[in-house]
Amino acid sequence: MITVESLSKSYGGQAAVDDVSFSAAPGRVTGFLGPNGAGKSTTMRVMVGLTPPTRGDVHVLGRRFQDLPDPGREVGVLLDASAQHAGRTGREILTIAALTMGLPRSRVDEMLQRVSLTPAEAGRRVRNYSLGMRQRLGIATALLGDPQVLILDEPANGLDPAGIRWMRDLLRGFADDGGTVLLSSHLLHEIEVIADDLVVIGNGRIVAQGTKQELLASAGTLVRAADGAALAVALQAAGLIARPTADGAVLADADLTSVGTAAFAAGIPLLELRAADGARLEEMFLSLTADTQRESVQHVTEGAAA
Amino acid sequence: MSTTIVPGTSGTVPRESRPVPDPIPFTRILRVELRKMFDTRSGFWLMASVVLLSVIASVATVIFVDADDLTYEHFASAVGAPMSVILPMIAILAVSSEWSQRTALTTFTLVPHRGRVLAAKAVITVLIGAVSMLVAGAVGVVGNLVGTSIAGVDPSWDIGVREFAQIILANEIGMLMGLMLGIALRSSPGAIVAYFVYALVLPGASSALAGTQDWWAENGPWFDLNWATMRLFDENLTGEMWAQLGVAAVFWLAVPLLIGTRALLRSEVK
């Protein structure tokens, strides 16, 4: 169980995290979603006591992280797989962690096996590891103390498709056993396949949270024609709430039948007509990303016009 | 944009409540920090160089010092010189590498009380300083025995326990300077450069000043930790000299260590 209450962190007046509250429940995988620079990593660093918050509190298993007597035994943390001494071997990094937690050495071998690092790989220095291998090692460190909570920042980065599949199964199993999983990502589709609950953050603020079903639930009708703008006008003329989406389709707050009928009445041939699946979340996420992206669409158009 | 839904709690499987683990004992942190000083290639060779350089310095003394003049002091100072460079480096890297290599992220999530980790590093540093000096001293003893027997003269032991203890103390001060710089600067290159400025540049400036300024020549040791420390190597300190050492150590060591530690405890670890 992780509870974040009114958490804020500002740097010189600039709010990186602004009044963020959410919780991650046991038995569930909570996806922490947001574009780069939205405040995910800052929030996670505050959670584990690496960054002092400006305001607010975080409790993990009912305590402040600093008050956990032996944090590694209760909370597995992976914030940055590359933050390891390049000159240590993978096995040595796990051994140090095991010694800190007071665990037997045999646990190191168990974990290496669990994350599929071979003894030869474990004996190599981390300098020679690929990002995927570092992520596996980081997951092994997080799982080492048999924790009840996992806090993982972008754990799928650098993993190949098989690795992502492996991690998905691993986290699913962990949550099914009653553990709490919080993982961040800037990719909606990556988190969509694994999370039960979603917390969406943008520019330091929570913009949506709820179960995946709720957030991705059908939100009206998606309809497409050769001329999206004309279609939107026609639907609006028929009294429907409709707006064109970024990719030329139209999103209408109406059922399939009324949208199809209205289009037919206006004589516009449809290329696609279906229930919009989670378009709201997707669009919201895209607009969030567009706000923070340097190469925004508008920017490009302006450049072309000049 | 206003879709704020309270997360559902259906399907929640509460994990069986487990006993809260015991707090991490300080001895465990000590063991881990000791291990971390040896378990990288650079760390290992830094430690090994303590022994290697002692041996090289002893052999050089046998070769280059006139056989009739061979005394233990020759060996002690030959062996001591590389120690005064290596030991502070060991102390600096013990702290700064956590930042340079970003291992602080893991270290301080496994032990969220940074003060305990720093305390463990300080204890290990002082311990390594003492052991290294004893090893270096022992190598010097062997060098003196071998050297004098080659020369066919009686070995001369002109350094007593008191002198040796003073030499150890002088090196420990150097290590604590290194530890302080590691804590205050949290960067390996920065702290190493700062140490060399302190140990190599400042003494020259200070003695130049003492050459022209009578007041500084008289009172310098109160303010110059290098000066106050150097006397540990070659004289029996008087009460006033000890007081000067103590006062200079407050300026150079204690105060910056306190400020640096305070800043480190509150800093953001990235």
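Residues numbered from 1 in each chain as written. Chains lettered and ligands numbered in written order. Predicted model: local features only at pLDDT ≥ 70, side-chain atom pairs only at ≥ 80, totals over all residues. Heavy atoms only, no water.

The name given to chain A in an unreviewed UniProt entry is ABC transporter, with the source organism recorded as Aeromicrobium flavum. Comment text from UniProt for chain A, heading Sequence similarities (unreviewed entry), reads "Belongs to the ABC transporter superfamily." (UniProt positions renumbered as here; feature names shortened; annotations may be inferred.)

S.K.: How would you summarise the packing of helix H10 (residues 228-237) of chain A against helix H11 (residues 256-266) of chain A if you had to cite specific residues and measurements?
M.R.: Residues and elements named next belong to chain A. Where H10 contacts H11, the two axes come as close as 9 Å, and the packing angle between them is 105°. Taken together, the axes of H10 and H11 lie roughly perpendicular to each other. Contact residues: H10 offers Leu231, Ala234 and Leu235, while H11 offers Val259, Ala262, Ala263 and Ala266. In terms of residue class, the contact of H10 with H11 is built from seven nonpolar, no polar and no charged. (Axes fitted to C-alpha atoms, helices over the stretch in contact; angles between N-to-C directions. Helix = DSSP H or I, 4+ residues; strand = E, 2+ residues; numbered from the N terminus. Parallel < 35°, antiparallel > 145°, perpendicular 65-115°, else oblique. Contact = heavy atoms within 4.5 Å. Nonpolar A, V, L, I, M, F, W, Y, C, P; charged D, E, K, R; others polar.)

S.K.: Could you give an account of the interface of chain B and chain A, with specific residues and numbers?
M.R.: Each partner contributes to the interface: chain B provides 42 residues, whereas chain A provides 54 residues. Note on chain B versus chain A: buried area summed over both sides is about 4500 Å², and carbon and sulfur give 54% of it. Connecting chain B to chain A are six salt bridges. Linking arginine 102 of chain B and aspartate 80 of chain A is a salt bridge whose minimum nitrogen-to-oxygen distance equals 2.7 Å. Linking chain B with chain A are 17 residue pairs in polar contact (both at pLDDT 80 or more), by the criterion used here. (Buried area = accessible area lost by both parts, 1.4 Å probe. Salt bridge = Lys/Arg side-chain N within 4 Å of Asp/Glu carboxyl O. Polar contact = N/O pair within 3.5 Å; in protein donor to acceptor, adjacent residues only side chain to side chain.)

S.K.: So, the nonpolar core: which residues are in play, and what are the values?
M.R.: Core analysis: the largest hydrophobic core is formed by 119 residues, its most contacted members being Ile2, Met47, Leu171 and Val200 of chain A together with Ile90 of chain B. Of all the elements, helix H3 (residues 72-100) of chain B adds the most residues to this core, at 12 residues. Among residues more than four places away in sequence, those in contact with valine 200 of chain A are Leu33, Arg205, Ile206, Val207, Ala208, Leu281, Met284, Phe285 and Leu288 of chain A. Of all hydrophobic cores here, the second largest spans 19 residues; its members include Met177, Ala191, Ala228 and Leu253 of chain B. (Core = buried A, V, L, I, M, F, W, Y, C linked by side-chain atoms within 4.5 Å. Buried < 20%, exposed > 50% of the residue type's maximum accessible area, 1.4 Å probe, protein only.)

S.K.: So what's going on with a negative patch on the surface? Residues and values would help.
M.R.: Residue and element names in this part refer to chain B. A grouping of Glu73, Asp158, Glu163, Asp234 and Glu235 is seen on the molecular surface, where their side chains present a negatively charged patch. With respect to the secondary-structure elements, glutamate 73 resides in helix H3. Overall, glutamate 73 belongs to the partly exposed group, its relative accessible area being 41%. (Patch = residues over 30% accessible without salt bridge, like charges linked within 9 Å, V, L, I, M, F, W, Y side chains within 5 Å. Areas by Shrake-Rupley, 256 points an atom, 1.4 Å probe, with all protein chains shown as cover. Lys, Arg positive; Asp, Glu negative; His and termini not counted. Charge placed at Lys NZ, Arg CZ, Asp CG, Glu CD.)

S.K.: Mind laying out the pattern of salt bridges, listing which residues take part and the relevant values?
M.R.: Under the definition given, this model contains 22 salt bridges over all chains. Of the charged contacts in the structure, one is a salt bridge between arginine 205 of chain A and aspartate 18 of chain A, with a shortest N-O distance of 3.1 Å. In this pair, arginine 205 of chain A sits in strand E9 (residues 205-211) while aspartate 18 of chain A sits in strand E2 (residues 14-24), placing the two residues 187 residues apart along the sequence. The partly exposed category is assigned to aspartate 18 of chain A, whose relative accessible area is 23%. Residue aspartate 146 of chain A pairs with arginine 18 of chain B through a salt bridge whose shortest N-O separation is 3.2 Å. A residue pair is termed interchain when its members come from two chains, as with aspartate 146 of chain A in the loop between helix H6 (131-143) and strand E6 (149-152) and arginine 18 of chain B in the segment before helix H1 (26-38).

S.K.: Tell me about the environment of valine 146 of chain B, and please be specific about residues and values.
M.R.: Residue and element names in this part refer to chain B. Tracing the chain through its elements places valine 146 in helix H5 (residues 114-151). Valine 146 gets classed as partly exposed once you look at its relative accessible area, which sits at 41%. C-alpha separation for the pair valine 146 and serine 132, spaced 14 residues apart in sequence, amounts to 21 Å.

S.K.: Residue-level account of the UniProt feature "transmembrane region" (unreviewed entry) in chain B, with values.
M.R.: All names here are of chain B. Residues given the UniProt feature "transmembrane region" (unreviewed entry) here are residues 44-65, 77-97, 118-144, 164-185, 192-212 and 241-265. Secondary structure within residues 77-97 divides into 100% helix and 0% strand; the distance between the first and last C-alpha atoms comes to 30 Å. As annotated, residues 164-185 has a helix share of 100% and a strand share of 0%, and its two end C-alpha atoms lie 32 Å apart.

S.K.: Talk me through the sheet that holds strand E11 (residues 242-244) of chain A; I want residue IDs and the actual numbers.
M.R.: All names here are of chain A. Overall, antiparallel pairing links the four strands, which are arranged E11-E12-E10-E13 in an open sheet. The two strands at the open ends of the sheet, each matched to only one other strand, are E11 and strand E13 (270-275). For this sheet, the mean inter-axis angle between neighbouring strands, taken without regard to orientation, is 20°. Note that strand E10 (residues 221-225) and strand E12 (residues 250-252) share three bridges and pair antiparallel. (Pairing = 2+ DSSP bridges.)

S.K.: Please set out empty space enclosed by the protein residue by residue, giving values where relevant.
M.R.: According to the stated counting rule, one finds four cavities of 30 Å³ or more in the structure shown. Here the largest cavity is characterised by a volume of approximately 220 Å³. What lines the largest cavity is a set of 20 residues, and nearest its centre among them are Val77, Leu78 and Thr141 of chain A together with Thr106 and Thr109 of chain B. Here the residues of the lining of the largest cavity are counted per class, giving 12 nonpolar, seven polar and one charged. Here the second largest cavity defines a volume of roughly 160 Å³. Lining the second largest cavity are 17 residues, and of these Ile96 of chain A together with Lys36, Thr106, Thr107 and Leu110 of chain B sit closest to its centre. Contributions of two or more residues to the lining of the second largest cavity are made by helix H3 (90-101) of chain A together with H1 and helix H4 (104-110) of chain B. Its residues assigned to classes, the lining of the second largest cavity shows eight nonpolar, six polar and three charged. (1 Å grid on protein atoms, 1.4 Å probe; cavity = no way out; pocket = protein on both sides within 12 Å on 5 of 7 lines; lining within 4 Å. Points joined across faces, edges and corners; volume = space filled by probe spheres on them.)

S.K.: Summarise the environment of serine 106 of chain A; cite the residues concerned and give the values.
M.R.: Structurally, serine 106 of chain A can be placed in helix H4 (residues 106-114). Separated by 11 residues in sequence, serine 106 of chain A and threonine 95 of chain A have C-alpha atoms that sit 9.6 Å apart.

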